[in-house]
Amino acid sequence: MSEQRNLVEVKDLLVKFPIADGGRRSFIRPVDHVSFAIKPGEVLALVGESGSGKSTIGKALVRIVEPSEGTIHVNDQDVTHIKRRELVAYRRYVQMVFQDPFGSLNPTRTIEQHLTFPLKKHGERGTNVSTSVDELLERVGLTPVAETRVKFPHELSGGQRQRVAIARALAVNPKFLVADEPISMLDVSIRAGILKLMNQLREDFNLAFLYITHDLASARYFGNRIMVLYGGKVMETANSDELIRHPMHPYTRLLLAATPGSGIRGALPETSNKAPNLVEGRKGCPFSDRCPLVTDICREQDPPIVQVSETHTTACHHV
Amino acid sequence: STSTSAASPVSHAKRSVQSSTPLEVVPSPNGNFQDNFNPFSANANYGTQGIIYQPLFYFDNVSGHTFPLLGTTYSWSNGNKTLTVNIRKGVKWSDGKAFTANDVVFTFNMLKHYPAADTNGDWTMLASVKADGLYKVVFQFKSTNVPFATYILGSAIVPQHIWSKMGDPTKVANTNPVGTGPYTLESFSTQDYKYLANNHYWGGIPPVKTVDFPAYSGNDSADMALAKGNIDWSGSFIPNVQSLFVNHDTQHNHYFFPPGNIVMMYTNLKDPLLSQLPVRQAMSLAINRAQLAQEGEYGYTKAADALGLVLPNNAAWIDPTLKSKLNPAYNPAKAIQILEKAGYKKNAQGIFAKNGKALSFTLQVPAGWTDWDTDCQLITNDLQKVGIHVTVNEEQTGAYNNNLSQPKKDYQLALSWTNPGPTPYFLYENLLASKGNYNVEQLNSPAVNAALQSYSKTTNLAQQKQAIYKVENYMATQLPSIPLFYGPIWYEYRTTNYTGFPTQANPWINPAPWTNFAQGIVLMHLHPAK
Amino acid sequence: MIVETQVVSVPTKKKAKRMNNTAAAFLHNPKAMTGLVIFLIFVLVAIFAPLIAPYDPQSTQFAPLQSPSAAHWFGTTNTGQDIFSQFIWGTQTSMIVGVGAAVVSTLVAFLVGVYGGLRGGVADSILNSLSNIFLVMPGLALLILIESYIKNTTPLLNGLIIALTGWAWGARVFRSAAMSIANRDFIVAARLSGAGSLRIMFAEILPNMTSLIASNLIYACLGAIMAEAGLAYLGFENVASNSWGTILFWAQNGGAMMGGAWWWFVPPGVAIAIVGTSLALMNYAIDQITNPRLRVQKRKKARVAGRA
Amino acid sequence: MRYFLNRLGFLIVSIWAALTLNFILPRLMPGNPAEIMLAKFQGRMPPQALHAFELQFGFSNKPMITQYFNYLGSMLTGHWGLSYTYYPTSVQTIISGSLPWTLGLLGIVWVIAVTFGTFTGIFIAWRRGGFLDSVTPIITMFFQSIPQFWLALVLVYSLSFSMNLFPMAHGYGNSVTMGWNFPFVSSVVYHAILPAVVIFLGSVSGWIVGMRNNMMMTLGEDYIVFAEAKGVPTRRLIFNYAARNAMLPQITSIAIALSTIIGGQILIEQVFSYPGIGFQLTSAVSGEDYPLIQGMFLIIAVTTLLINFVVDMIYGRLDPRVRRRGATS
Amino acid sequence: MSDRKPVLEIEDLSVAYQTANGLVNAVNDVNLKVYPEEIVGLVGESGSGKSTMAYAIMRLLKGDAFVTKGHIKVMGEDLYALSPKELRKFRWNKISMVFQSAMSALNPVMTVQTQIVDTLTSHRPEMSKAEAIKRAGELLDVVRIDRKHLNSYPHELSGGMRQRVVIAIAIALSPGFVIMDEPTTALDVVVQRSILDQIREIQQVEKFAVLFISHDFSLVAELASQVAIMYAGRIVELTKSGTLRLGERHHPYTEGLLRAIPHLTADEVVIEGIPGTPPNLVNLPSGCAFYPRCPLATDECRKARPNLYQTDNAIIECHLFKGDREVQHV
Ligand SMILES: Nc1ncnc2c1ncn2[C@@H]1O[C@H](COP(=O)(O)OP(=O)(O)OP(=O)(O)O)[C@@H](O)[C@H]1O
Ligand SMILES: Nc1ncnc2c1ncn2[C@@H]1O[C@H](COP(=O)(O)OP(=O)(O)OP(=O)(O)O)[C@@H](O)[C@H]1O
Ligand SMILES: [Mg+2]
Ligand SMILES: [Mg+2]
């Protein structure tokens, strides 16, 4: 796997959003110089707390939000700022599955309609379309197909809807899927099914994933590697097992401590509910406000990314 | 030189009884009032000209009578280029100062100095105005124009001691008017204003102590108030006046709608088709005027005569030889004959045409003048029957006026009014003289011009009549425009509180309360009902 | 490859479409049905006006000011026109104006609101300010201002003007709805699968706004009928045209009220009130249907109790 | 503060828009003001005087852009020109004479309608499903659907003309003198009753139904259930918790309510010969008095905009979320 | 279990919603006891009737929901027998509740202080304003929020802080029993954890009993001493939380849930979902509600509703446990 070329290569990605702040226009940076690469068939799990910029990275990848700086290469093509036709073509390569299975399907359209549009849009015609719809539904386990096709989203359960959403993403035969917390709104009993389905898709089609989650356990289960994000910056990246067993960054440790079932238990810092400051112009490590190890340097300087091992990097002054 | 003594068949009644019941007057529906009692403003409140300010003479166009007000007599000399007026003695301004010839001279010189205030255009004819002592004023004309004296003598006179300090008379609201008339302003508000009797009025003590002018927004609210007996004297239009007004109190509620002017169908004589007499004749014959008067005008008026006279007001001026032609004929069959004789043939649409030109016209009418709208509808139908096609164009009043009054007239047919005066001359001059103010049809007839010219040069009634006869003949035969019906003067009155209003039996003066100068005269003739 | 998950079909009584559920709820709502039936009666009258109206509405062939009789159900005017015929033709005009203006203004509102809400940014700011301005401008005053320059309008032109000045409220509603829908993931998903803006507006968003659109149509229709009547009554409409407003104009002009000719001014006024109420009823019902919280439950059992 | 500036900005922009609209409209129409003015005299004016009038009204042939800035300048400095119908009275004099009447009547009725509507809405929402809840909206909807001028005419005819219960016209009796004296004030109140009733009937329904619906929505909110659970007394629950929140969306719709009321009032003042702006506006329109029409429209627009601004400010006070968030309208 | 009088006693409780499609049986014949100072977890999938039960206990069911059957006693008092006035007094003094979503449980237009003070003064009219404010400050101390936030509006607080405020309001009158309906689901893991720690801390000080509702197994397992597992409106198992792991004897549904969660630290991660979807509550399956999804279902499961069986650590409603002692109540 490691010999393969990267399918997705993100370098120094930066996304800015304007915010209204006391009348002046200023910006927040939910994604602040993030770099990573994903190989075909690989799953990169992106964990981090709410508002840390996970979805924004995912959306930048499928080009729903416009990257402000940095580059995104997919299949060696620079897709950072492509427009129109190129973009449409690009989106046959990458697709996205969303968190909320209720919101990601149009309540007024049938399952069939949800699937036929992308199929047609990407060139399929006539009876092909119908067979393709059947195939897709079968592939995601929505049988009996004939019954499912004519249903409206509200007639399906959350898990079934999420399957439809995956089927829709698959309709264009992508090589890369951004899965933005696809199971977090689902019931425990159904989550496993979706995770297994995605696992299978990875194996069957060598599909690569950016798997966004805030649940370390599922990240470890599904992800080959885990990337921990805080305040728009990458804190730590490592192979899944490695990260869980040998967390280096204080934030990763905090996360693990908060996750039931982890060996690490420790007092959570008092300030643990303070949201990271994303406003452009802030200095130092974004975690410095909450970090138990914080020193002056943390507040002043961006920590450098330290290569701990071949597959393990972390960004902390104290490692 | 001839001296004309102003004849006044009805003199000011001198009476000492004064009733304190206010007289409620609604000249016409109105928006809110504004505090403006400037006699030189076209928008001054009702009564400014006549109840407060007065001219030297008032020339009535309904009765043809002349009422001497601040003047007593006038005479012409110097080849009818000099007009000498004797001023009434013993007149006081309502602030107690005496009125003299100097006030008259001042007023005219002020108009000369501020042409914008000279809305009668007095100085287009005047060369100079001079006082000859305290009670005589001499007007010098640039050229002879006897009838023009009506305008000059009819101009309101203001006190020198006040207006000399006012500055530009067009820019003042004159909220505290001081005049010579029978009343002074008592109070003003936007919804009503009141006049109070001027007990030092030269004509005697006014019989009505307070005259109240309330504002009514529309016909309906004014009509309701009228029906309810809240209004004594009104000049507003009422549909079904008999049932809606008179029947509420047959003993006291009265109305009388004397003809005020003539509503014409103007034909643009610059139009190649309309300039042809047969076309105009056919149109005139095809229109059922009686129906217009009955349906369009609620039967409140009559079909107009063919000569362009306002009858019976102008009855004294009818050319005896034209008596038979007085009533315009309604004869569609003959209209068709005339057109056929003139070489017109009906085309596929059933419209008469010659040389490929069909008799198809647009007829302009001001939007929202509902009675005229109905009239136009009827005219369209009438003309359609004889093969003349008319499309009605309802125009906004501004545009409509524009189209008719601009040097380049932009219309084919138009329904419009005429501007009459104490004698037919004024209407004719306006309508037919090449330079007439309302020569909408654009007639340019040397014969008519000459006849009118000869009228204006003389003070001799017989000569004037001869001139008028000529024009009457021209009207009857050439149809420069097509008279349809008389425009009525709306006038309702109630005799519960006061009597003495002009009546149908004795229409001695224009009875509408909105008639400037006449209303002051009428007020002096009222007396409290027993 | 096939993931073993059996689909337990969620029991639905019939394979009714979702839309039909709302429609069905509408049809089962007594207020809505009353409104709809009344409105449809007027629509039918409007459609079949030429067949229903016994006489030429403008013809002055009858005796003036007759009170209602078998020959003249609503009597005659002071110029001898048959008021019933005028009323029927007026129904047609007023319904065309109402429905037409409703459609036009809703369309404008939809385009402005949804486009702005979807697009965001400068375009949205401009469109939003524009609709806010139109929203706070006093409607009738604006109409009168416009009418003062273009007098003598036909009812249809008036309808158009009413529509073009009256879309702001709808645009505002549509915009906020579009904004909340635009943030929903299915719009993003549609875009990802290649849908363009137009498709998103009309195929993805529009069906999700049917109740808003319906309620806007109703609201606009009511507003247009009333505004047209007001304008006509003030005389800002070709008086030769035939609408409820012009009947009132002529009635007022002809002193109907004072002359006791109630048959002349009562029918148009009452008709407007009835049509208006029918529309308001439908609107009220739509609110209740689409917003479950507004629904009042008719409980068969006591709220607390429940001791079986 | 930010919210305030934002709203102020909107106020200024909309006033500018109203001004510009006011400038553009007459210039889009055929004919120029001079000709329209002359038309007022319906041919009674000798041509000799025409030029005089052109001078008086200051008709200009300057370039559009110059005219525009002159216009903006004079509008802002309160020089709204001279009325055609009431020349030489200035437009602002006329308006200042009628504005108090309109604002007075409108303000009082509006306050009554809002208060009554709000309380009724609260009440019927609290007793949802009750008799009043099912009947009140329908009755008020019916009244709202009646053309107001028509209702006004019917009432004037029946109550005033036939039954003598109320005056038929005007803002006060002609026999009283204006001022703060009892006869005048009572006469004003007496004259305002019928117009007020009509405006009230025409506008109250929206408030009732709107408040009811908002109340119902609010009553379903978690914080109401929570407050009820934690034992907040019913009265406080209804007014401080539910009604206060339910009123917020109502306040934003004040704009529409206000312009509806103004619209209705224009027609109604006409019927009652009420000496307000609406009556003045309609007569200005029939008189084609363009400076006056423009001034009227402007004052109506600006008044509405100002009231909206005030309402926005109140809204900001009532809803703490807004102050921060800035304008979301 | 304990001889003390339970703070909560639910007997055969059934709750239904009246809908257009028929009666939704959200809670069916539920029995449950909670003893003083005890934390009991209530776990179940979305829609299994957890919140409905909580509302029923609080007598807060609204509109179309009503208790069809059974009794609820809180501290020996039948809430449904109280007059509205008594009810208002009883609630919050004796039993309070933390709502599912803190954002919507706080009135957006009132400051934190007002909302806390309202709670206090509504029940203690004798309390002065100043006293109430002082107490409000103390309560914020308890949930570790800076007192300066007394004058904040809810939207000015973070999600975690809001939830703490709601908790503060819930314990304002020191009730003996607090229902917590998924108090942390909407929050971040770290925040969630710190709030849970706090709840535990406060609970240890104030000694109230808690019914803790959640759908997160591992969370509840750490917090509660006992866990009730709810499926389709029934409590299918009541178990000691320490035994919630694979390998112990559990209801097939519980086992399915345990298998469905990937474990953070386990060496080998295999997960298995429960096939199918929860049943329609309008017409429940005749026998065991779980049988359509149960891998071990027999014909009997389809026909008859199972009885309750007491195992070493749990009470389980399942035919598979026939060998164990049958009990009547949880
Ligand atoms: N379109 C946008 N405009 C402005 N700010 C945005 C926009 N989208 C996201 N943000 C902000 O960027 C930050 C990161 O958001 P993002 O959705 O990427 O977080 P996340 O890690 O996915 O959080 P969650 O776990 O809640 O989904 C947040 O503070 C959010 O408010
Ligand atoms: N107002 C209502 N009308 C009809 N059915 C309802 C209503 N509220 C809830 N239900 C139904 O009752 C059942 C139980 O709902 P409840 O809210 O108690 O579930 P829950 O276990 O709390 O779920 P969650 O974990 O999602 O909060 C569900 O099937 C739900 O669909
Ligand atoms: Mg996200
Ligand atoms: Mg719940």
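Everything quoted here is computed from the prediction, not taken from an experiment.

The rules behind each value
- Chains are numbered independently. Their residues run from 1 in the order of the written sequence.
- Each chain takes a letter, starting from A, and each ligand takes a number, starting from 1, following the order in which they are written.
- At least 70 in pLDDT is required for a residue's local features to be given in this predicted model, at least 80 for side-chain atom pairs to be given and counted, and no such filter applies to totals for whole chains, interfaces and linings, which use all residues.
- Heavy atoms from the whole structure form the basis of all side-chain values; hydrogens and water molecules are not counted.
- Take the buried residues of types Ala, Val, Leu, Ile, Met, Phe, Trp, Tyr and Cys, join any two whose side-chain atoms come within 4.5 Å, and each joined set is a nonpolar core.
- In this scheme, a residue with accessible area under 20% of its type's maximum is buried, one over 50% is exposed, and one in between is partly exposed, where area comes from a 1.4 Å probe on protein chains only.
- Starting at the N terminus, helices and strands are each numbered in turn, a helix being any DSSP run of H or I of at least four residues and a strand any DSSP run of E of at least two.
- Between two residues, a contact is recorded if the distance between any of their heavy atoms is within 4.5 Å.
- Here a residue is near a molecule or strand as soon as one of its heavy atoms is found within 4 Å of it.
- Counted as a polar contact is a pair of N or O atoms within 3.5 Å, where, for protein atoms, one must be capable of donating a hydrogen and the other of accepting one, and residues adjacent in sequence contribute only when both atoms are in side chains.
- Working definition of accessibility: Shrake-Rupley area with a 1.4 Å probe, residue cover restricted to the visible protein chains.
- For each domain, the first and last residues come from an automatic or database assignment.
- Take the accessible area each of two parts loses on contact, using a 1.4 Å probe, and add the two losses: that sum is the buried area.
- In the sections that follow, a salt bridge refers to a side-chain nitrogen of Lys or Arg positioned within 4 Å of a carboxyl oxygen of Asp or Glu.
- In this classification, Asp, Glu, Lys and Arg are treated as charged, Ala, Val, Leu, Ile, Met, Phe, Trp, Tyr, Cys and Pro as nonpolar, and every other residue, Gly included, as polar.
- By definition, two strands form a pair when at least two bridges between them are found by DSSP.

Looking now at the nonpolar core. Among the nonpolar cores identified, the biggest contains 168 residues, and Met53(E), Phe177(E) and Ile179(E) are the most heavily contacted of them. Of the residues forming this core, the biggest block, eight residues, is contributed by helix α7 (residues 188-205) of chain A. When sequence neighbours within four positions are dropped, the list of residues in contact with Ile179(E) reads Ala54(E), Ile57(E), Met58(E), Ile95(E), Ser96(E), Met97(E), Val98(E), Leu211(E) and Ile213(E). The next biggest cluster of nonpolar side chains, apart from the first, holds 163 residues, and it includes Trp490(B), Ala251(C), Leu155(D) and Ala284(D).

All names here are of chain E. Near ligand 2 you find 16 residues, and of these Ser46, Gly47, Lys50, Ser51 and Thr52 are the closest. Here Gly47 contributes a backbone N or O atom positioned 2.8 Å from an oxygen atom of ligand 2. Between ligand 2 and Glu182 there is a distance of 2.9 Å, counted from an oxygen atom to a side-chain nitrogen or oxygen. Surface burial for ligand 2 is 68%, taken as the share of its 640 Å² of free accessible area covered by protein chains.

Residue and element names in this part refer to chain A. When its domains are assigned, chain A resolves into domain 1 (8-93 + 174-315) and domain 2 (107-166). Here the C-alpha centroids of domain 1 and domain 2 sit 30 Å apart. Contact with domain 1, which involves eleven residues of that partner, is made by eight residues of domain 2. Buried surface at the junction of domain 1 and domain 2, summed over both partners, amounts to about 910 Å²; 74% is from carbon and sulfur atoms.

All names here are of chain E. For the structure shown, the criterion picks out 44 salt bridges over all chains. Its salt-bridge partner being Arg305, residue Asp29 comes within 3.0 Å of it at the nearest N-O pair. Highlighted residues: Asp29 in strand β2 (residues 22-34) and Arg305 in the loop between α10 (299-303) and β11 (308-310), separated in sequence by 276 residues. A relative accessible area of 37% means that Arg305 is categorised as partly exposed. Between Glu138 and Arg135 there is a salt bridge; the shortest N-O distance is 3.7 Å. Of this pair, Glu138 and Arg135 both sit in helix α5 (residues 129-142), three residues apart, roughly one helical turn.

Okay, the interface of chain B and chain D next. Contact residues are listed per partner, giving 50 residues for chain B and 47 residues for chain D. Of the roughly 3800 Å² buried between chain B and chain D, counting both surfaces, carbon and sulfur atoms make up 52%. The largest per-residue losses of area from chain B upon contact with chain D belong to Asn32(B), Gln34(B) and Gln191(B), which jointly make up 18% of the total buried on that side. Between chain B and chain D we count zero salt bridges in total. The interface formed by chain B and chain D includes eight residue pairs in polar contact (both at pLDDT 80 or more). When contributions to the side of chain B that touches chain D are tallied by element, the ones reaching two or more residues are β12 (192-197), β13 (210-214), α4 (219-227) and α10 (397-405) of chain B. With five residues, α4(B) is the largest single contributor of residues to the side of chain B that touches chain D. Residues belonging to the side of chain B that touches chain D are distributed by class as follows: 14 nonpolar, 28 polar and eight charged.

Turning our eyes to something else, we now look at the pairing of β2(E). Residues and elements named next belong to chain E. Relative to β2, strand β1 (residues 8-19) is paired through nine bridges, and the arrangement is antiparallel. Across the sheet, Tyr17 pairs through a bridge with Val24, a residue of β2. Connecting β1 to the next strand, β2, in antiparallel fashion are two residues.

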